[in-house]
Amino acid sequence: MTDFAEAPAKTGGEYAALLHEVREAGLLRRRYGYYALRISANLLVFAGAWVAFAFLGDSWWQLGIAAVLGVVFAQLAFIGHDAGHKQIFRTRKPNDVIGTVHGGLVGMSYRWWVSGHNRHHANPNHEDHDPDLDISALAFTSKQARLKQGFLRWMAKHQAWLFFPLLCLEGLNLHFNGMKAVWQGKTKGRKVEGVLLTAHLAGYLTAVFVVLSPGIAVLFIAVHQMLWGIYMGCSFAPNHKGMPTMSGQSVDFLRKQVLTSRNVRGGWFTDFLLGGLNYQIEHHLFPNMPRPHLRRAQPIVRRFCDDHGIPYSQTGLIRSYRHVLEHLHEMGAPLRAADRARAAA
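Bear in mind the structure is a predicted one, so any value in this text is a computation, not a measurement.

Cut-offs and rules
The residue count restarts for each chain, going from 1 along the sequence in the order it is written. Under the rules for a predicted model, residues below a pLDDT of 70 receive no local features and side-chain atom pairs below 80 are neither given nor counted, while totals for whole chains, interfaces and linings still include all residues. Excluding hydrogens and water, the side-chain figures rest on all heavy atoms present in the structure. The rule is short: rings of Phe, Tyr and Trp, with Trp giving its six-membered ring, pair when the centres are within 6.5 Å, and they are stacked under 30 degrees, edge-to-face over 60, tilted in between. Here a helix means four or more residues in a row that DSSP labels H or I, a strand means two or more in a row labelled E, and each is numbered from the N terminus. Using a 1.4 Å probe on the protein chains alone, a residue whose accessible area is under 20% of its type maximum counts as buried, one over 50% counts as exposed, and one in between counts as partly exposed. In this analysis the charged atom, NZ for Lys or CZ for Arg, is taken to sit over a ring once it is within 6 Å of the ring centre and within 35 degrees of the ring normal. Residue contacts are defined here by distance: any two heavy atoms, one from each residue, within 4.5 Å place the two residues in contact. We call two N or O atoms a polar contact when they sit within 3.5 Å, provided that within protein one can donate a hydrogen and the other can accept it, with sequence-adjacent residues counted only if both atoms are side-chain atoms. Cysteine sulfur pairs qualify as disulfides if the two atoms are within 2.5 Å. To estimate the expected span of a helix, count its residues, drop one, and scale the result by 1.5 Å.

Chemist: Would you take a moment to explain the packing of aromatic side chains for this structure?
Modeler: For any pair of aromatic rings, the description consists of the separation of the ring centres together with the inter-plane angle of the planes. For the structure on display, the rule yields 16 aromatic pairs. Ring geometry for Tyr 32 versus Phe 89: centroids 5.9 Å apart, planes at 35°, classification tilted. Here the residue Tyr 32 occupies a position in helix H2 (residues 32-56), and Phe 89 occupies one in the loop between helix H3 (62-84) and helix H4 (92-106), the gap between them amounting to 57 residues. You can call Tyr 32 partly exposed: its relative accessible area is 44%. The interplanar angle of 80° and the centroid separation of 5.6 Å between the aromatic rings of Phe 73 and Trp 228 together place this pair among those described as edge-to-face. Highlighted residues: Phe 73 in helix H3 and Trp 228 in helix H11 (residues 214-236), separated in sequence by 155 residues. When its relative accessible area of 1% is taken as the criterion, Phe 73 is described as buried. Feature note: the residues Trp 50, Phe 53, Tyr 204 and Phe 220 constitute an aromatic cluster, connected by ring pairs. The ring centre of Phe 140 lies 5.1 Å from the NZ or CZ of Lys 241, which sits over that ring.

Structure below.
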């Protein structure tokens, strides 16, 4: 399996010049102190939320704890993402340990996610090779829209309106598909992840249904999982959706990554909120760059792209979601038009 953290080393030319400049600026050095503090803070809030859960008992205030856990789960998943890219340690094994443990804490398979994310980084926004475009409930290209049938065709017609409601299910999707991959033996470290995911599911459901009455327990799970799903979806969706897609084009590494990615402007809060994914262009060019260095790399990459006539996309957070929804609405337009024509005939 190709390691996305090593992929840039295989290219040369313009990218080699940019890589040299970034390396000379020290932006590929590890940030052990940063990650030690970030991981410790996340685990402290995670533990504190469950302690508060135990003390509150069977109370409607637990829905507030569910909301907090939705945010914490996303922050833990961001650490798993960074570990998958070898942003924390230089070698694979310690990163995999961190990633696997964090995957167990949120109940998703780290190894399954890394496998899919490898393919995404190798071919971002490619119609045939990017798994992030292969979502049955949505049509990201006109070709995908034309192939939809039955209920999926109806969903594609109205996908802009359905997008955010569908994100409510993203958390459950991450749980289910990760567990399915582990169960079917499609991941490395199957036994370890199997134990972690089983322990997570058993511990989570036991805690919720022992401490809470059935009605509050169900609402707690719904609020927690929906908010986590929305948060995860809203963190990843602005990065590529609505950007140019690839099919059979032959494009060099530098342009393939820049032209298909979108940055989101913002300060330290946006960096925290999106886990550094708001610097999607820099992240795709240098996947193993530690998260706190992405902000410093951004002006270097922006200037380089301007000097070489490479379009560099950057927008505000709210506008990025508008881009996504406008693109989804546009992809569903031919289907809606075809239905209106049939109705008028």
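Chemist: How should I be thinking about the environment of Asp 96 in this particular structure?
Modeler: When you line up the elements, Asp 96 lands in helix H4. Residues Asp 96 and Val 114 lie 18 residues apart in sequence; the distance between their C-alpha atoms is 9.9 Å. Non-local contacts of Asp 96, meaning those with residues more than four positions away in its chain, are made with Tyr 110 and Arg 111. Polar side-chain contacts of Asp 96 include one of 2.8 Å to the side chain of Tyr 110. There is a polar contact of 3.5 Å between the side chain of Asp 96 and the side chain of Arg 111.

Chemist: I keep staring at the state of the cysteines and nothing clicks. Help me out?
Modeler: In protein structure, a disulfide is the covalent linkage between the sulfur atoms of two cysteines. Applying the stated criterion across every chain yields a total of 0 disulfides. With no disulfide partner, Cys 234 has as its closest neighbouring cysteine sulfur the one in Cys 168, 9.4 Å distant. Classification of Cys 234 by relative accessible area gives buried; the value is 13%.

Chemist: Got a minute to help me understand helix H15 (residues 294-307) in this structure?
Modeler: Structurally, the α-helix is built with 3.6 residues per turn, so residues lying three or four positions apart point the same way. With 14 residues, H15 ought to run about 20 Å at 1.5 Å a step, and its terminal C-alpha atoms sit 20 Å apart, in line with that. All of the buried residues in H15 are Leu 294, Ala 297, Gln 298, Ile 300, Val 301, Phe 304 and Cys 305. Packed against the buried residues of H15 are helix H1 (14-24), helix H12 (253-259), strand S1 (263-264), helix H14 (280-285) and strand S2 (314-315). Gly 309 lies just past H15 and shows a positive phi near 65°.

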